[in-house]
2 protein chains.
Amino acid sequence: MKDTTSDTPLGELINQVRLLFHQAVSTGNQLHRDAGISMSMRAVLEQLAQYGATSVPDMARRRNVTRQHIQQIVNDLLEAGLVTQTLNPAHKRSHLIAMTPDGERLFENMRERERAFYTSLATELDGIDLTQLANDLAAVRAAIASRAEQIDTVST
Amino acid sequence: MKDTTSDTPLGELINQVRLLFHQAVSTGNQLHRDAGISMSMRAVLEQLAQYGATSVPDMARRRNVTRQHIQQIVNDLLEAGLVTQTLNPAHKRSHLIAMTPDGERLFENMRERERAFYTSLATELDGIDLTQLANDLAAVRAAIASRAEQIDTVST
DNA sequence: CCATTATGACAATATACTTGTCATGAAAGA
DNA sequence: TCTTTCATGACAAGTATATTGTCATAATGG
């Protein structure tokens, strides 16, 4: 079973990254579908759980996406009552986003489900150093990003 | 510099996969933007270059996506004159998709550009076994996919 | 104080997909 | 052969993740 359509190592890696990305999003959404939570919303909740109350622009900067994108997700979470706006001592206009008790409860449930799912994969993932894998991917990404900056219609 | 928002190895891996996926798509589009080719179109062209003329459903099966999705891309490529429909000896109704000379020329240009880009990354990627990385990702994906099948509102 | 930058709010667009439907042509079994 | 089932093409709409653009206003920094 050949899943590749590429003939260069990097091309093949990117190909696998794409496949795994879609699998992960799809499985993640499936896992949490009854909670009405998308993977994007999950990512925002995770930041709040990990770093505490954060402003929208700061979350965007941390994830390297546009503030508008985070704003959309946060608006959905606000509507769902999973986060609230609190005063930002450092900014009068830009309030901090914080999890509500409901949000915390829901997120913990999600984590529980994920833990169970991860655990069930233990056998299949035996022999793969996931942390090393993640580090290598980060290195590849950094390399690509640094070169990509230099592209400026350098076409053939 | 911490790019993670996760605290489990698998979660962190998925996180890096997402980041690299977006970086790759964005860089790929940037690299080929003057050619008017998206990464989806590129993937179809690559299949045709690698396997020769193929029917739409077969390409979809090979990439594990819906035939409708491939059809959309192929329609765009047809409109751009980069591929044509040829008679399928094995099927009267389902024609084969083949690259036109224009398509082949364009694809070769793209590959040339990519090769140059990859080469410029050699130093940064030194010490990383991209092939091993790709294989490991494929294994992780297979593990997730096999478990995901079993999810059926197994919520907490 | 004034110019620049940051934020929020709103809108539109892009990309890579999916699901759904329907007519028809092809394949497979009774 | 007949007929039921499956595959394909054509078309439509929707989803998920994210982007770019614009505008008014608030905050910051020289």
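This text follows the structure it describes.
Reading the values: rules and limits
Per chain, residues are indexed from 1 in the order of the written sequence. By the order in which they are written, chains take letters starting at A while ligands take numbers starting at 1. Per-residue local features are limited, in this predicted model, to residues with pLDDT of at least 70; the limit for side-chain atom pairs, both in listing and counting, is 80 or more; totals at the level of whole chains, interfaces and linings are taken over all residues. Computation of side-chain values covers all heavy atoms of the structure but excludes hydrogens and water. To qualify as a helix, a DSSP run of H or I must reach at least 4 residues; to qualify as a strand, a run of E must reach at least 2; elements of each kind are numbered from the N terminus. Exposure classes here rest on a 1.4 Å probe applied to the protein chains alone. A residue is buried below 20% of its type maximum, exposed above 50%, and partly exposed in between. By definition here, a salt bridge exists when the distance from a side-chain nitrogen of Lys or Arg to a carboxyl oxygen of Asp or Glu is within 4 Å. Any two residues whose heavy atoms approach within 4.5 Å at even a single point are treated as in contact. What counts as buried area is the accessible surface, traced by a 1.4 Å probe, that two parts surrender upon association, with contributions from both included. Pairs of N or O atoms within 3.5 Å make up the polar contacts considered here, provided that, within protein, one atom can donate a hydrogen while the other can accept it, and that residues adjacent in sequence are counted only when both atoms are side-chain atoms. Classification used: nonpolar for Ala, Val, Leu, Ile, Met, Phe, Trp, Tyr, Cys and Pro, charged for Asp, Glu, Lys and Arg, polar for all others including Gly. Each copy is superposed on the other by least squares, with the fit set by C-alpha atoms of residues at a pLDDT of at least 70 in both.

(A) View of unusual backbone geometry. Residues and elements named next belong to chain A. For N64, which is not glycine, the phi dihedral falls at a positive 65 degrees. Mapping N64 onto the fold places it in the loop between α3 (56–63) and α4 (67–79). On the basis of relative accessible area, N64 is assigned to the exposed category, the value being 68%.

(B) Layout of the pattern of salt bridges. Here the structure, examined in full by the defined rule, presents 16 salt bridges over all chains. Put simply, A:R105 and A:D102 hold a salt bridge, and the shortest N to O gap is 2.5 Å. Highlighted residues: A:R105 and A:D102, both in helix α5 (residues 101–120), separated by three residues, approximately one helical turn. As a salt-bridge pair, B:R111 and B:E46 come within 3.3 Å of each other at their nearest N and O atoms. Residue B:R111 is located in helix α5 (residues 101–120), and its partner B:E46 is located in helix α2 (residues 39–51); the two are separated by 65 residues in the primary sequence.

(C) Spotlight on the interface of chain B and chain A. Taken together, the contacts link 64 residues of chain B with 63 residues of chain A. Contact between chain B and chain A buries roughly 6400 Å² in total, counting both sides, with carbon and sulfur atoms accounting for 65%. The tally of links between chain B and chain A comes to one salt bridge. One salt bridge in this structure joins B:R147 and A:E124, with 3.6 Å as the shortest N-O distance. Put simply, chain B and chain A have three residue pairs in polar contact (both at pLDDT 80 or more) between them. Elements with a minimum of two residues in the side of chain B that touches chain A: α1 (9–31), α2, α3 (56–63), α5, α6 (122–125) and α7 (130–148) of chain B. Looking at which element gives the most residues to the side of chain B that touches chain A, the answer is α1(B), with 18 residues. Class assignment for the residues of the side of chain B that touches chain A results in 28 nonpolar, 19 polar and 17 charged.

(D) Focus on the relation of the copies chain B and chain A. Overlaying chain B on chain A yields an RMSD of 0.2 Å, the required transformation being a rotation through 180 degrees with an accompanying axial translation of 0.0 Å. Given the turn and translation reported, the copies of this chain are related as if by a two-fold rotation axis. Among all residues of chain B, the minimum C-alpha distance to the rotation axis is found for B:V17, at 2.9 Å. A shared binding surface is used by both copies, with 98% of the interface residues of chain B retained as interface residues in chain A.

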